[in-house]
Number of protein chains: 4
Amino acid sequence: MALRTADQFLAALRDGRTVYYKGERVADVTAHPDLGRAARHCAIDYSFADDPHHRTLAVTEDEHGVTVNRFYRVPRTAGDLLKRREMIAETTRAGRALIVLIREIGTDFLPAAHIVTKAMQEQLEAPYHERLNAFWTHVAHNDLAMGLAQTDVKGDRSLGPTDQEHPDYYVRVVDRQKDGIVVRGAKAHTTNPIFADELIVLPCRALDERDAAYAVSFAVPCNAPGLKFIASPFSGGGTSPFDHPVSSRHKIADTLTVFDDVFVPWDRVFLCGETRYAGALALGFVEYHRFTAISYKLPLLDLMIGCAMLAAEANGIEKAAHVREKLSRLIAYRETVRALTVAAAHECTTKAGLAVPNTTVTNIAKQYFAENYHAMVQKVQDIAGGLLVTAPSEADWKNPETKHYVEQYLGGKKGFGSINRLKLFNLIRDYFASDFGGYHELLAIHAEGSLEAQKITILRGFDGGAVKAFAADCANLDPRS
Amino acid sequence: MALRTADQFLAALRDGRTVYYKGERVADVTAHPDLGRAARHCAIDYSFADDPHHRTLAVTEDEHGVTVNRFYRVPRTAGDLLKRREMIAETTRAGRALIVLIREIGTDFLPAAHIVTKAMQEQLEAPYHERLNAFWTHVAHNDLAMGLAQTDVKGDRSLGPTDQEHPDYYVRVVDRQKDGIVVRGAKAHTTNPIFADELIVLPCRALDERDAAYAVSFAVPCNAPGLKFIASPFSGGGTSPFDHPVSSRHKIADTLTVFDDVFVPWDRVFLCGETRYAGALALGFVEYHRFTAISYKLPLLDLMIGCAMLAAEANGIEKAAHVREKLSRLIAYRETVRALTVAAAHECTTKAGLAVPNTTVTNIAKQYFAENYHAMVQKVQDIAGGLLVTAPSEADWKNPETKHYVEQYLGGKKGFGSINRLKLFNLIRDYFASDFGGYHELLAIHAEGSLEAQKITILRGFDGGAVKAFAADCANLDPRS
Amino acid sequence: MALRTADQFLAALRDGRTVYYKGERVADVTAHPDLGRAARHCAIDYSFADDPHHRTLAVTEDEHGVTVNRFYRVPRTAGDLLKRREMIAETTRAGRALIVLIREIGTDFLPAAHIVTKAMQEQLEAPYHERLNAFWTHVAHNDLAMGLAQTDVKGDRSLGPTDQEHPDYYVRVVDRQKDGIVVRGAKAHTTNPIFADELIVLPCRALDERDAAYAVSFAVPCNAPGLKFIASPFSGGGTSPFDHPVSSRHKIADTLTVFDDVFVPWDRVFLCGETRYAGALALGFVEYHRFTAISYKLPLLDLMIGCAMLAAEANGIEKAAHVREKLSRLIAYRETVRALTVAAAHECTTKAGLAVPNTTVTNIAKQYFAENYHAMVQKVQDIAGGLLVTAPSEADWKNPETKHYVEQYLGGKKGFGSINRLKLFNLIRDYFASDFGGYHELLAIHAEGSLEAQKITILRGFDGGAVKAFAADCANLDPRS
Amino acid sequence: MALRTADQFLAALRDGRTVYYKGERVADVTAHPDLGRAARHCAIDYSFADDPHHRTLAVTEDEHGVTVNRFYRVPRTAGDLLKRREMIAETTRAGRALIVLIREIGTDFLPAAHIVTKAMQEQLEAPYHERLNAFWTHVAHNDLAMGLAQTDVKGDRSLGPTDQEHPDYYVRVVDRQKDGIVVRGAKAHTTNPIFADELIVLPCRALDERDAAYAVSFAVPCNAPGLKFIASPFSGGGTSPFDHPVSSRHKIADTLTVFDDVFVPWDRVFLCGETRYAGALALGFVEYHRFTAISYKLPLLDLMIGCAMLAAEANGIEKAAHVREKLSRLIAYRETVRALTVAAAHECTTKAGLAVPNTTVTNIAKQYFAENYHAMVQKVQDIAGGLLVTAPSEADWKNPETKHYVEQYLGGKKGFGSINRLKLFNLIRDYFASDFGGYHELLAIHAEGSLEAQKITILRGFDGGAVKAFAADCANLDPRS
């Protein structure tokens, strides 16, 4: 079976899906000035199978011997995880350090759901495991793109679903019918679903017994009736490739995703009322998803260092001790995240036959990355200097009355021309001091779970027994008292 | 003599000055869609004298008994410094935490130049002191706005002016004539000069004897022939007051300021060739200017805490321990900067009869503010959440097809309505995760000198003799060996 | 009335008090090898009145016109607070950066109790205010030393007094008699009570109504029957003045203080059962005591910088960029604590006629000092190097077989002799990498309240109303929704 | 060939070596009260081969098929590095988290010297490679302990060997004879050489051509004539196992190592005058040695967490949010160091047939460990509380007059008895707030190279080409300008 091309991927998005953007219904997301840019960014992922440089990495066989994209491969070994990591990093690099995220997140759900539905099969004789694997085969063999909606809008975050002022602050089942279920509610910050073929839904937290209606996981086509996407304009993006070298070409679109009584047939339902498994599914997904997170950060970290090094050279300060100190910190930041990701793969565990990246190490890598991100951005800004936000624009360079001034006065160290210097500063501002940069900061600390969520996971996952016993032995504690 | 009104201030800006913005010559900066916003922001400063709430603070008498704006008052005591600080904070607060900066920076120069020209008078019998004080009286009695250009474009930052590849990377005197001098070169990131009446120029570093042509300080009217401003569009600013509540109403405009052979009459020249005093003037200005810096930050710090507290309430997490910890840190951050500013005023020294804020404490306050700014922004983003960059826009709220969804699903804690919550997030994004936010980050670490500049000043200003003697005594060191 | 001399102070300690140390009853604390050192350290405080260099600072008049030590003066103004700060800093400096703490802590209690007992007088017509002021006069006019016991042993720290497994984990009243009360229980880490004339006791937390027996504050002579002190040996201290230049001469002694049914006459009781005022008294004391804390740190911070600067010179690395960076940080650390202390005094409030240092600023200063202390110690160790803990001892220098090697090979930069270098390293190890150094680390983070206690105080003391209103205004929040 | 027992190891130390301690010549280091403790600590390493629990790990075959201790095995693969790491961690754990360091450091030298001498063989036809491997076989087959002296006393650290005031501030060759060389000078902080059979010496820095006499590496028996050790008493250690549970049983002894014209036969010389290779040897050793460093830290990190967890429980605060936050940080600290070590092994490179741990990752792990050590100590102290340094001693518990008070009043949370609580605090003080704790702090930041050395290595080892190219591509830089 042939894998889809980028064009085939884009063509399939013209299917009548309900998308709103800046107050208007968008008939064709691929043709929209802003959203089209994001659609083409997603298409990068589909271009790999056709690209001789990437084909070996991107194309593999599944366990039925069918040719599939690397993303759909069932992870069985550390090697599988490392290859997946490479696939994520390379597509992100092709996206100029902006994560593509059109198959990553769906394929974080599939193995997690495989594990949890297997447990439900064994413990409850629940029918979800087969359905899930059939769905996995479906998306793999048809080379489909997947969005995923997990985070409910939540209302008062100190309360569970049932205690909210409004019953729909978490997505819930409002009707169980013979052929399927009807769901209502809304999920916040869903990434790129308007460019996906299928939308996967799962709970975002552990639930208690009163919350049965909220324990629901399923998949629906993105043009399902009642499914509505309101895309946010706040992820940045300029129009001039000179002033905004990356955000003018690459974009992510997050949506408020509304389920206005959407029907889901039973064979697309993976959880329905089993509250006890809601937390396991939510967390199991996150375990995979944070590994994806730390995999896709590498090109961004490369970009930070590259920008800082070039800016230091452009400004003639590359030998200053404080600049060298900052570069060393940036490198250590990158290498720490990178090496922890490698260790998380090497130290994977096996659940229901699947390789799961080491949870503690994965969470530490994500937490370390996120917590230090703003401080690292500061270093890049510090080395680049104030011109990031006070420089003339492309139009001033094109204006014959000012062109000469721009060219003459913005020169840096000998050998680094004015316009290259300006382009470099534009890249740095675009990525690290702008709407697009603000989006990245939020992505760092809120995507794939908050800083606090990671801290809790780190604490919970640690078995204190051995270290307490060691300390007790060193202290000669008397076990009887 | 009556002080000027905001309208009078604005009217005076239509004087033929040469301003470029986004590739076009701007005939009237007050009428331009973007720049006009910045002009009106500057006018806030002139509105205080007319405003009964602010008049007592804003209007005072100078030493000749003439009614002047508070900014022009000669600082003689800690009380004067504290009043000036209050004036700066209050105008900034009226500017919704964005510094107005239309008289602050000029009146940081005047006392510094008073002190240095006094020394030049005493040591060299140089004529600058009288000129400077005449200029001070001129701007005070005519209630004039001042821009100030200090930072040269610099080229290779590891080299001094004379060693640059291009002789004009620092502003220099190209001709000395009978009536005055002719200057050439360019200064980077000059704040708001296109809204000023007078532009003050001074060196940005210590110079050595070879650099005599670069040792120049003067003032010129902003419409002087040959003086050209290229305003940067990168300081942020949206158009919808809903989506961009502050940046749609308040703006700063920084320029690349080109001196294309500008003539300056002798009575406007305050330094010309005395290289030995260039560093003293540069540094003396900065001593006052960093006190201004830490004075105008207070409303911004208030805004950070206010945003974080409201966001915590809106999300229902105000009692979470980690949120309380973050709020405590934000408060400590604000209070540390604030209290250090107060101490810097109380511990002022006197030079040439003027009160100078304590240099070490001022630099520590500025350094502490700047170094921790990004980490504090992170805390605000962390409390607010991902909706900052994934929320629908004003247009989606106005669209009848989606209005209901926006209103229903973006509700937070009971009592905090959806639209207020959205407005709050819009404020936070506008200030802390956007083009405007990126501008503030750069302002934090590069305006009024870089982080490294402050560290050096802190080290240089400290007299190690006493503490070394104390340590030597505690160690019983033998002074003879 | 003449103030007591150091000898008179020491003589008064031979009064039969019950003191244990390292398993033995100590008959005379002034004659004991270890404790005597601590006693003489306390006597520093009494030496000031006789010392022409310090007399002006140390001797003043009280409000009755009686000559008293500065410590007993009733604080009415910012100036009084600044003078008290100077007195504390100078006695500490005479103690080679080790706080003397023989009157400081008692005179933190007196004004706090003055304020709280005044409120109790007004609200309950309670008799304590007069008693308290009589006691103040008593200690002032007799020039008495005071210890203070606040921290109960507490048992399970998550429980209040009444819920503990053992009723005596907090000091409590076990009998109310006609002439006075009988108290039982124990207080932990009481500083230097074995060198005091009077011991003051107060609660360490807010109490609820069930805890009435624990709401007790009083003063007793240190030789009161039933009062027993078990002094800890863990505050460091060596015997060789060469190897341990400070700790061989200066020491603090903390005790576990046991109240084995101690009788207290009514005129020494300042709180007895009024649970509602327990928290106010505990906190009120702490407000003054944290100001003392930040006052006595200055000589220690001086010592840190002095040690680091001398070590950099001794090693020949004083011009290395990373060393200069570290010195700049140490200076900023010192100046931040110092300037915040000055601001806390200038911004004092007045309660019951007394000046109270600004609580928020005081707590921030203490928190900032404590939180960063270990990191600053690291910098000093980093600059000094590994010889701190691998160098030969005094005995090796005195041994003729090895003397030459020690002298020859431990030389540093030209001009800094081997033995002076060794003495310097000994000082640094003594203060920053030893038993004595560990004591200082604990003192930093636990004395005068923990890091968390300060964070909570900072948050509680801040009035969020104004900043929330400012943010709401900037966001255009609709007050009706 | 049978491996030596612990007793055989100890017996061999009675060979007339010249050891001084606290001013006295020590005839038998194994019989000395303090040094004997350190000798027995070293013997732990020899006990493993006899211990059924450790034998499988500790005993292996070398490439000649001879039974040797694991330490002597030639590292060829990542697996060898991981096994070595385990060996180091387990002996350290048996040493109650204090590194044993009696073979680790020598076997860091051997592979590094193997690689460098191989290069010298190929490039200079120098004879060292064979000698080195013969020495490796000698120590392996005779199961010998090795000390290593690298850090010269250095004098003025800003100068190289030749420019020092004193020619012997770096160890140098003073005579080349027919049979060997004569060396003079001193090395600082040599760890445990007085318990080793052989002492290895190598340069501590790159040298230039003028420094030929200082380019010397060799091995000598520890009782060689002219070789003198002055052991430092400053590594901590108490006498009561109750008050000092670890330091009373475990100790390291560092020496000032004096070469008073020591003769070294040629077959023990591995470098002599080839200045160009001095830096490579110094750095090559350090590459291995830092991997050892991060391997032996794991038990210490376990101890930190174990102590913090037990202290939290003892005090009843284990559920407090700030305590949980601190525990999470401690765990993340441990896991980051641990996982980076694992990654450094997995990502090893091969040089001259030997596996070298990834240099960048190793240095980052070491730097991260060291830089954060003091802050982590602070967290442990913070959770434990002030009793660490104010508690009664063992003697007070044994004294019948005070025993009851100690037992009654030092109880914590129900189920955690007073004496166990006291023992736990004693362990924490012993390790983290004492002479022994200070030693550990210095060990963290100065052993195996300083913080700055690691930062430089991180920067130097990073190839910026790829990341600069990526940034240049994202910025669309024009390669022609």
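What counts and what doesn't
Residues numbered from 1 in each chain as written. Chains lettered and ligands numbered in written order. Predicted model: local features only at pLDDT ≥ 70, side-chain atom pairs only at ≥ 80, totals over all residues. Pairing = 2+ DSSP bridges. Helix = DSSP H or I, 4+ residues; strand = E, 2+ residues; numbered from the N terminus. Contact = placed C-beta atoms within 7 Å. Axes fitted to C-alpha atoms, helices over the stretch in contact; angles between N-to-C directions. Domains from an automatic or database assignment. Nonpolar A, V, L, I, M, F, W, Y, C, P; charged D, E, K, R; others polar. Buried ≥ 20, exposed ≤ 12 C-beta atoms within 10 Å, placed from the backbone. Expected span 1.5 Å × (residues − 1). Parallel < 35°, antiparallel > 145°, perpendicular 65-115°, else oblique. Left-handed = near helix turned anticlockwise from the far one by under 90°. pLDDT = per-residue confidence, 0-100. Least-squares fit on C-alpha atoms with pLDDT ≥ 70 in both.

**Description of the sheet that holds strand E1 (residues 18–21) of chain C**
Working step 1: Reading across from one edge, E2-E1-E10-E11-E7-E6 (chain C) is the order of the six strands in this open sheet, with mixed pairing throughout. Single-partner strands in this sheet number two, and they are strand E2 (24–25) and strand E6 (172–176) of chain C.
Working step 2: With four bridges joining them, E6 of chain C and strand E7 (residues 180–191) of chain C adopt antiparallel strand pairing. In the strand pairing of E7 of chain C, arginine 176 of chain C is matched with isoleucine 181 of chain C.
Working step 3: This element, helix H13 (residues 400–409) of chain D, spans E1, E2, E7, strand E10 (227–231) and strand E11 (254–265) of chain C of the sheet and lies at about 100 degrees to E11 of chain C.

**What about the sheet that holds strand E6 (residues 172–176) of chain B?**
Working step 1: With mixed pairing, the six strands of this open sheet are ordered in space as E2-E1-E10-E11-E7-E6 (chain B). Each edge of the open sheet is held by one strand with a lone partner, namely strand E2 (24–25) and E6 of chain B.
Working step 2: In the sheet, strand E1 (residues 18–21) of chain B pairs with E2 of chain B via two bridges, with the strands oriented antiparallel. For tyrosine 21 of chain B, the partnering residue across the bridge sits in E2 of chain B and is glutamate 24 of chain B.
Working step 3: Packed onto the sheet, helix H13 (residues 400–409) of chain A meets E1, E2, strand E7 (180–191), strand E10 (227–231) and strand E11 (254–265) of chain B and runs at close to 100 degrees relative to E11 of chain B.

**Points about the domain arrangement of chain A**
Residue and element names in this part refer to chain A.
Working step 1: In terms of domain boundaries, chain A breaks down into domain 1 (6–285) and domain 2 (289–470).
Working step 2: Opposite the 34 residues of domain 1 that make contact, domain 2 presents 29 residues.
Working step 3: Only helix H4 (78–94) and helix H5 (106–124) provide two or more residues apiece to the side of domain 1 that touches domain 2.
Working step 4: Considering each element in turn, the side of domain 1 that touches domain 2 owes the most residues, nine residues, to H4.
Working step 5: Its residues assigned to classes, the side of domain 1 that touches domain 2 comprises 17 nonpolar, nine polar and eight charged.

**Quick word on the environment of isoleucine 458 of chain D**
Working step 1: When you line up the elements, isoleucine 458 of chain D lands in helix H16 (residues 451–460).
Working step 2: Sequence separation between isoleucine 458 of chain D and threonine 362 of chain D is 96 residues, and the spatial gap between their C-alpha atoms is 9.3 Å.
Working step 3: Each residue touching isoleucine 458 of chain D, except ones within four places of it in the same chain, is listed here: Ser328, Ile331 and Ala332 of chain A together with Thr360, Asn363, Ile364 and Gln367 of chain D.

**Let's talk about the interface of chain A and chain B**
Working step 1: Between chain A and chain B, the residue contacts involve 69 residues of the former and 70 residues of the latter.
Working step 2: Elements with a minimum of two residues in the side of chain A that touches chain B: strand E7 (180–191), strand E11 (254–265), helix H10 (359–384), helix H11 (387–390), helix H12 (394–398), H13, helix H15 (435–446) and helix H16 (451–460) of chain A.
Working step 3: Residue composition of the side of chain A that touches chain B, by class: 27 nonpolar, 26 polar and 16 charged.

**Topic: the pairing of strand E5 (residues 146–149) of chain C**
All names here are of chain C.
Working step 1: By the alternation rule, side chains of E5 split into Met146 and Leu148 and Gly147 and Ala149, which are all buried.
Working step 2: Here E5 runs beside strand E8 (residues 198–201); their pairing, made up of four bridges, is parallel. Considered in E8, the bridge of leucine 148 is made with isoleucine 200.

**Describing helix H8 (residues 298–315) of chain A**
Residue and element names in this part refer to chain A.
Working step 1: Taking 1.5 Å of rise per residue, the 18 residues of H8 would be expected to cover 26 Å, and the 26 Å separating its terminal C-alpha atoms lies within 8% of that figure.
Working step 2: Burial runs high along H8: 18 of the 18 residues are buried.
Working step 3: Following H8 by one or two positions, glycine 316 has its phi on the positive side, about 75 degrees.

**A few points about the packing of helix H8 (residues 298–315) of chain B against helix H10 (residues 359–384) of chain B**
Residue and element names in this part refer to chain B.
Working step 1: Packing of H8 against H10 brings their axes to within 8 Å, and their N-to-C directions diverge by 20 degrees. Taken as axis vectors, H8 and H10 run roughly parallel relative to one another. Crossing of H8 against H10: the hand is left-handed. Where H8 abuts H10, its residues Met304, Cys307, Ala308, Ala311 and Ala312 lie against Met376, Lys379, Val380, Ile383 and Ala384.
Working step 2: The residue makeup of the contact of H8 with H10, split by class, is nine nonpolar, no polar and one charged.

**As for the confidence of the model for chain A**
Working step 1: Residues at a pLDDT of 70 or more form 100% of chain A, whose mean pLDDT is 97.
Working step 2: Scored as a whole, the predicted complex attains pTM 0.97, and scored at its interfaces, ipTM 0.97.

**Re the relation of the copies chain A and chain B**
Working step 1: For the pair chain A and chain B, the relating rotation is 180 degrees, the translation along its axis is 0.0 Å, and the fit reaches an RMSD of 0.0 Å. What we have between these two chains is a two-fold relation.
Working step 2: When you check the interface residues of chain A against chain B, 100% turn up at the interface there too, and the contact is symmetric in its surfaces.

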